[in-house]
Structures are given as structure tokens and as C-alpha cells.
Amino acid sequence: MASIENRSHFQVSVKNRDDLTKTFPHDKQKNAEAYRQSLLLQKFKPKLIRLDDYYMVRIRKKGREDQVLYANSLKEAELVRTKLRIEHSQGLFIDYSKAQNTTLAELMIRYLREEAPRNKSFEIDAYKINAMLEDAGLQRQSIMEIVASHPNPCAKVKAMKIRKETGKKMRSASCSATRFILKPFAQIVPDDLTEYVDERLQTVSASTVDRELDIFSAVCSIAIKTWRIHVLASPMDGVKRPKYFNERDRRLKADEEGRLLEAAFIEDEKWSQAFRLDQLVSPELQQVRGAPTRYRIWQTRKQNLSEAQATWVHIPMYESFLQFQLMTGARRGESLSLLWSNVDLEMQTAFIPETKNGRPRKLPLRSDLVELLRELPRTSELVFGFTNEALRKAWGRMCEHAGLTGNDDLHVHDLRHEAISRVAEIGSNTPGGFSLIDLQHFSGHRDVRMLLRYAHLCTQSLAKRLDEAFSCAEKIDTHHGRRRLKKEAKITVQEMVGCEVVVSKIKSIEESPKAQSAMEASAPPLDDVNSAVLNASKPPGSLIENVIHVDFTRRAA
């Protein structure tokens, strides 16, 4: 059963006096009448009417929860009621009231509590969602409480050390357009998100706004598909994302690597002294009953500071990290999470069980890098004994000491780009060279298209291989008046146009005479019953002679 309840507002108005117009809720008719009487005493001619702006459609069904929908006119309310009656007669019971009674902010909080802890990017997503909730005037959610109460968080999130909340405002410049998340989910339209994008672009970069839109997209998608909160269309449909190009092409210049290594040497001195101080302090603190106080820790460190400064040994921790990045091209997270148990110095390999794309891979370790790694202490499971936050601070000091700031700023990820570029350039001067497939194995990219930015570095190697291929007459064949390379040249058309794909099996069959003869020998005999015929009338060397043509038309016995 579906009923319509009129909850439209009452309005008292006076002709040509808009300042006297007042609107009252649907249950305040007496107040509206009293106001009209007061205007009559002032010798005005007020008019009391009921607007057609708000209706409630209530659906009652035995054995199911009541649904409450809202409409902005009587006509719209009747259409809603008719639609629901038709669906119920067909056995369809879709709850449209959830989208009307649930705000987008509530969905974002639910996503943060139920779905976000399953992802490796939980901490970043939580920061963004809390910032949006704060801009909308809502209370932030406790990250520590969310992780503790979640039944199955991601392994990385479970082992993550959560930073304490400071209580400071999360965004330096708040965004007033974020208040659209307080609207019901069914009432949010793409214009709300477009307004948010336009305002945020005034204070942050386009890439930041695009990643924030990813949060909205994930919330809307899981609300519709998983939580079954039905809406006519997703609010993200039709939203135009900001366009940007933030691909960095930073390479190390002439003396920048030397200056960076000098700065790393200075940081290693500080790290080595702190490491020696920890070695001296740890045995004394372990003898203290219970947990040592902050004062006791500070006092113990002060007493052992002079001895640590006199007995410390230089450990190339940050130097090894820099060389590791330049020689392996590993991502920062892969390097910081590398375990000694996954490093084989004898075989010169380092195994990474989980990369950015979710697949494991092995890193080749050059002999120079192996010697550096042998000098590092093995006091913990991790190869590099510093956290991501410590690296961020140390990297800032190193870049400042090396003069790599301002327009010449250098990021940690730029070392990965430098490493891949060096391999591509050295491959050009190596007999045989490196193709994009070799670079893909070295860099760990899942998609070869990500390596097209390095394709121009392989051009010199390709030119040398072309010269070598065409210089030998035995590797060239003439077919129908055109010169072509034989299989012995060991170069493919794909490599000539950019080395983007692996040579197909059909082409390898075409270029190998032995494979042709093997296929012809293993082909089934000609028979009219099974209609398998070999088209051998084509000229030799053609690809068609290696194709089996089958006729599936029915024939009489």
C-alpha cells in the first residue's frame, strides 16, 4: 500500500511587498493564520496559500520495512506511487528510500570504516576523507580505532604504525563546496562535484583534485553495486575530471650525483653515531625494571653520547640506498620494505614478494652494490634501517646540502627514472642492445606502454643492429623484387618501429623453414569427408601456405 502525505509549506504574501512574505512548515498552519491576521490589522491584504513543493510517499508492505520517499510536487509523488505499484505487482521490491535517507557523508564514513582498511592506501584515503568531513563541519574519524575494530584489514595496514592525531586543521584552506556531501545521496548531481572541482583547483594542483575524485568514485561505486543503495544514476556520471600532465623527466646532470653522494656521506655520519649510541644505550635500558621513563632514556643517552662519538664506525646506509636506487631502479616502497631474508648476495639477486602492481619480481644486484650491502649491519629484518618519514627528512637535508632545490629539485622517484634511462643508454652501446622487453624486466612495469618514454634511448642500439643486419648478404633475401631480412638477422619489424610487442607465433613460423616442414609433416591427410585441405597453390615463402583452411559445409556420403 502506498499513500501520499502533503507536507508542503504555507505561505503568506502581500502583493508588491516581497519583504512581508513568510513561509511556514506544514504543521504550523495556525502560526501562518496568526501572521495573516496581524497583516490585516495593519490594513494590508495578505494572502494565505499552501505551496506544492513537498510530498511524502509512504510504502507499507506486510513482512517488509516501510519505505519513505519524498517528492517536490503532487504530480511527481503520484508518478512515484504508480511506479512502485507496478514494481510490486511484478514481484520487485526495490528500496529507494535508502538513497533518500542516507547522505553522502554517511556513505563516506561507512566506506572509511568497512572498505578502506582492506586497501594498502588506507592511511592516505583516511586523510582525504577526514579532511572532507572537517570542511563539511563534521567530526573526523579515528584512524587507530578503525584499524583496531576492522575484522580483516590489509596486512600492510595491520602492521602500520599509525601516527598520533594532533588536532590541527587538516587543510590550510577549507573548501566550502565540500558541504554538498551533507545532501542525500539521491539528490547529488554532477554539478555538485563540478563546483567542488572548480573551487579546489584554486588552491591545489589538478592531480590532487583528480585523486580526490577517485575517493568519491569509489564510494559511489560500492554504495550502488555492493550496498544496493539504488539511485537513478551515479553522481559521478558526467563529471569532467581536470586534465593535467605531471610526468617528470628529471635526469641527474654532470656533477649532481657526486654532490648527492657527498651529502649522503654526511647523513651517514649522523646515522652511524646514532646507531652506535643505540647500541650503548639498549643494554642499560633493558636492565631497568618495567618501562623506562622519558627522563631515564634521555639521561642514559646523555651519559653515553661522548663514548658513542668516540667509538662510532662509518656505515654507508644512505649511500647504499642511493646506489641501490640508481643500480636497480626499484621503487621507494620496494627498497624500504626489502628484507635480508629475500637478499641473496651470492646469486646477486633481491626478491620483492609484492610490488606496486601486486606481482613479485627479482632485482639484479651488480657486484659494486653487493659490496656496499655487505657493509650494512643486520640488526633488524629490514635492509635499510630507517623509516619512510626519516628518509623524507634526510632527503630534504641532502638535497639542500647538494643544492638540488628550487627549479633543480630532485625527488627520490627521479632516481628510478635515472636508473632505467641509464640501462637503456648503456644498452645502446652494447652489442645486441636492450629492447623495451628487457627494460620491462628490469623496471618491473606491467604494461610495456609505460616504457615508451624510454624508446628513444634504444634508437642507437637499433640502428647498429640494422647496420649489422643489412651489411651481411647472407642475412638478406630478395622476394618479388624486394629485399627482406632473413631469420638469421635476429631483428623483427616490431623492434624497428619501436620494440613495443613480442614477435607473434605466426611470424616465427613464417621465418623458420624447419617449422614449416614440421607443420606440413604433421598436417592431416587430404580427405573429402573431413574437408581439411591445405592450400598449397600459393608461392613459396608466403604466409598462406602455413594456414590450414577448413570447409565446414555438409556433404553427402
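Scope of this entry: the structure provided in the associated data block. (Residues numbered from 1 in each chain as written. Predicted model: local features only at pLDDT ≥ 70, side-chain atom pairs only at ≥ 80, totals over all residues. Heavy atoms only, no water.)

**Description of the overall build of the protein chain**
The number of helices and strands found in the protein chain is 21 helices and 13 strands. Within the span of the protein chain, comprising 557 residues, buried residues form 37% of the whole. For the protein chain, contacts bridging at least 24 residues in sequence account for 65% of all contacts bridging at least 6. For the protein chain, the computed accessible surface area is about 34,300 Å², with 52% contributed by carbon and sulfur atoms. (Helix = DSSP H or I, 4+ residues; strand = E, 2+ residues; numbered from the N terminus. Buried < 20%, exposed > 50% of the residue type's maximum accessible area, 1.4 Å probe, protein only. Contact = heavy atoms within 4.5 Å. Areas by Shrake-Rupley, 256 points an atom, 1.4 Å probe, with all protein chains shown as cover.)

**Concerning the sheet that holds strand β6 (residues 67-71)**
Within the open sheet, the three strands sit side by side as β1-β5-β6. Their pairing is antiparallel. In the strand order of this sheet, the two ends are held by β1 (2-6) and β6, each with one partner. On average, adjacent strands in this sheet sit at an angle of 25 degrees to one another, irrespective of strand direction. (Pairing = 2+ DSSP bridges. Axes fitted to C-alpha atoms, helices over the stretch in contact; angles between N-to-C directions.)

**Observations concerning the pattern of salt bridges**
Between side chains of opposite charge, pairing is possible as soon as their charged atoms come close. One pass over the structure, following the stated rule, counts 28 salt bridges. One salt bridge in this structure joins Arg-301 and Asp-278, with 2.8 Å as the shortest N-O distance. With Arg-301 in helix α11 (residues 294-311) and Asp-278 in helix α10 (residues 256-286), this residue pair connects regions lying 23 residues apart in the sequence. Between Arg-374 and Glu-346 there is a salt bridge, with the nearest N and O atoms lying 3.7 Å from each other. One end of the pair, Arg-374, is in helix α14 (residues 367-374); the other, Glu-346, is in the loop between β7 (343-344) and β8 (349-352), and 28 residues separate them in sequence. A single salt-bridge network, built from bridges that share partners, covers Asp-135, Arg-171, Arg-200 and Glu-212. (Salt bridge = Lys/Arg side-chain N within 4 Å of Asp/Glu carboxyl O.)

**A few points about the sheet that holds β8**
Read across the sheet, three strands follow the order β7-β8-β9 without closing on themselves; strand pairing throughout is antiparallel. Strands at the two margins of the open sheet, each flanked by one partner only, are β7 and β9 (361-364). Of the pairings in the sheet, the one linking β8 to β9 comprises four bridges and is antiparallel in character. Bridge pairing in β9 links Ala-350 to Leu-363.

**Topic: the packing of helix α12 (residues 317-328) against helix α15 (residues 388-402)**
At their nearest, the axes of α12 and α15 sit 12 Å apart, and the two run at 90 degrees to each other. By the angle class used here, α12 and α15 are roughly perpendicular. Taking contact as the criterion, the partners of Tyr-318, Phe-321 and Leu-322 in α12 are, on α15, Ala-390, Leu-391, Ala-394, Trp-395 and Met-398. When grouped by side-chain class, the residues that make up the contact of α12 with α15 number eight nonpolar, no polar and no charged. (Parallel < 35°, antiparallel > 145°, perpendicular 65-115°, else oblique. Nonpolar A, V, L, I, M, F, W, Y, C, P; charged D, E, K, R; others polar.)

**A word on the side chain of Gln-141**
Here Gln-141 lies in the loop between α5 (122-135) and α6 (143-149). Residue classification places Gln-141 among the buried residues on the basis of a relative accessible area of 12%. Setting aside its immediate chain neighbours within four residues, Gln-141 contacts Ile-109, Leu-112, Arg-113, Asn-130, Leu-133, Ile-146 and Glu-165.

**Digging into the environment of Val-80**
When you line up the elements, Val-80 lands in helix α2 (residues 74-89). Distance in space between the C-alpha atoms of Val-80 and Leu-69 is 8.4 Å, their sequence separation being eleven residues. Those residues in contact with Val-80 that lie beyond four places of it in its chain are Val-57 and Leu-69.

**Section: the packing of aromatic side chains**
Here the structure, examined in full by the defined rule, presents eleven aromatic pairs. Between the aromatic rings of Phe-180 and Phe-216, the centroid separation amounts to 5.6 Å while the plane-to-plane angle is 50 degrees, which identifies the pairing as tilted. Here Phe-180, found in the loop between α7 (155-158) and α8 (190-200), pairs with Phe-216, found in helix α9 (residues 206-225); they are 36 residues apart in sequence, far enough to count as distant. You'll find Phe-180 and Phe-216 in the same group, each marked buried. Considering the side-chain rings of Phe-324 and Phe-384, the 5.5 Å spacing of their centres and the 70 degrees angle between planes classify their relative orientation as edge-to-face. Here the residue Phe-324 occupies a position in helix α12, and Phe-384 occupies one in the loop between α14 and α15, the gap between them amounting to 60 residues. Clustering of aromatic rings is evident, with ring pairs tying together Tyr-318, Phe-321, Phe-324, Phe-384 and Phe-386. One Lys or Arg, Arg-110, reaches over the ring of Trp-227 and ends 4.1 Å from the middle of that ring. Above the plane of the ring of Trp-340 lies Arg-378, whose end atom (NZ or CZ) is 4.1 Å from the centre. (Phe/Tyr/Trp six-rings, centres within 6.5 Å; stacked < 30°, edge-to-face > 60°. Lys NZ or Arg CZ within 6 Å of the ring centre and 35° of its normal.)

**Observations concerning the side chain of Arg-361**
With respect to the element layout, Arg-361 can be found in strand β9. Within the structure, Arg-361 has its side chain in polar contact with the side chain of Glu-334 (distance 3.1 Å). A distance of 3.5 Å separates a polar side-chain atom of Arg-361 from the backbone oxygen of Ser-443. (Polar contact = N/O pair within 3.5 Å; in protein donor to acceptor, adjacent residues only side chain to side chain.)

Read these as spatial facts, not as claims about activity.
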